[in-house]
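Coordinates in review
What follows is the residue order along each chain.
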Amino acid sequence: MSEEHTEATQAMEAPTVEQLEAELKKEQYRHNYGRVLRSTAFSLLVVAAVAVLVAVLLLPVLQINGTSMTETLQDGDIVVAISNSKFKTGDVIAFYYNNNILVKRVIAAAGDWVDIDGEGNVYVNGELLDEPYITEKAYGNCDIELPYQVPDGKCFVMGDHRATSIDSRNTAVGCISDSGVVGKIMFRVWPLEEIGIVN
């Protein structure tokens, strides 16, 4: 028998059981790897979608632009709001205004009477408002007729930096509809040295 004939015979021999088992294990590994990879990718996609929904619907993250809320919040601060939470006088809220989101402080609720004297003292229902969050009082850019009654379903807001803030004192902004409120600002998360609850 020639050497060529022997090699051809060996090449045509059936694979051994060990070879078949090894090949089967390789195929099973490939199949399982692909399934695990698809499952992991799907899980990560679901987690990312849930995180986006939570961030948009429940805990919007916002960046402060401008100086209307200094000293409480600075330009560039990043804050977290809580949607659908009840807010009251003194709370800092975010709201929609002309396709932008503004951040101001709630001064008065629907039905309240607001008055501001020439020195910037704010009165709600005839009582001087205690405002420890402001460093300097100012009459500001006010073109509404005072005293002013807050309409139903709305709230009266002002920035903490009274001299520069354009807010409910001006007809350009006016009172904020409750339905336009994005949420109550609860936490500052940036810069790191200022992280904490917003009062």
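Cut-off values and rules
Residues numbered from 1 in each chain as written. Predicted model: local features only at pLDDT ≥ 70, side-chain atom pairs only at ≥ 80, totals over all residues. Heavy atoms only, no water. Pairing = 2+ DSSP bridges. Helix = DSSP H or I, 4+ residues; strand = E, 2+ residues; numbered from the N terminus. Contact = heavy atoms within 4.5 Å. Polar contact = N/O pair within 3.5 Å; in protein donor to acceptor, adjacent residues only side chain to side chain. Phe/Tyr/Trp six-rings, centres within 6.5 Å; stacked < 30°, edge-to-face > 60°. Buried < 20%, exposed > 50% of the residue type's maximum accessible area, 1.4 Å probe, protein only. Lys NZ or Arg CZ within 6 Å of the ring centre and 35° of its normal. Core = buried A, V, L, I, M, F, W, Y, C linked by side-chain atoms within 4.5 Å. Disulfide = S-S within 2.5 Å.

Some points on the pairing of strand β11 (residues 181-190)
Judged from the five bridges that link them, strand β2 (residues 78-82) and β11 form a sheet pairing that is antiparallel. What sits directly across from V79, in β11, is R188. Two strands pair when backbone bridges link them, and strand β3 (residues 92-97) and β11 are joined in this way by three bridges, in the antiparallel orientation. The residue bridging A94 from the neighbouring strand is G183, located in β11.

Description of the environment of D160
Topologically, D160 is positioned in the loop between β9 (154-158) and β10 (176-177). Separated by 28 residues in the primary sequence, D160 and P132 have C-alpha atoms spaced 9.9 Å apart. Aside from chain neighbours lying at most four places away, what touches D160 is S68, M69, T70, T72, R105, Y133 and I134. A polar side-chain atom of D160 sits 2.4 Å from a polar atom in the side chain of T72.

Notes on the packing of aromatic side chains
Taken as a whole and judged by the stated rule, the model has one aromatic pair. With a centroid separation of 5.9 Å and an interplanar angle of 50°, the aromatic rings of Y148 and F156 are classed as tilted. A relative accessible area of 0% places F156 in the buried class. Above the ring of Y133, the side-chain terminus of R105 is found at 3.7 Å from the ring centroid.

Quick notes on the nonpolar core
Soluble globular proteins: nonpolar side chains tend toward being buried together. Membership of the largest hydrophobic core comes to 15 residues, with the highest contact counts inside it found for I107, V114, V122 and F156. Those residues in contact with V122, other than ones at most four positions away along the chain, are I107, V114, D115, I116, E127, L128, L129, E131, M158 and R162. By size, the runner-up hydrophobic cluster in this structure holds 12 residues, among which are L62, A81, V92 and I185.

Here's the deal with the state of the cysteines
A full pass over the atoms with the stated rule returns zero disulfides. In this structure C155 is not part of a disulfide, and its nearest cysteine sulfur, from C175, lies 7.3 Å away.

So, the sheet that holds strand β8 (residues 148-149)
Pairing within the open sheet is antiparallel, and its four strands lie in the order β7-β6-β5-β8. Every other strand in the sheet has two partners, leaving β7 (127-128) and β8 as the edge strands with one partner each. Bridge count between strand β5 (residues 113-116) and strand β6 (residues 122-124): three bridges; the pairing is antiparallel. Each bridged residue has a counterpart across the sheet, and for I116 the counterpart in β6 is V122.

Read these as layout, nothing more, since geometry by itself doesn't imply function.
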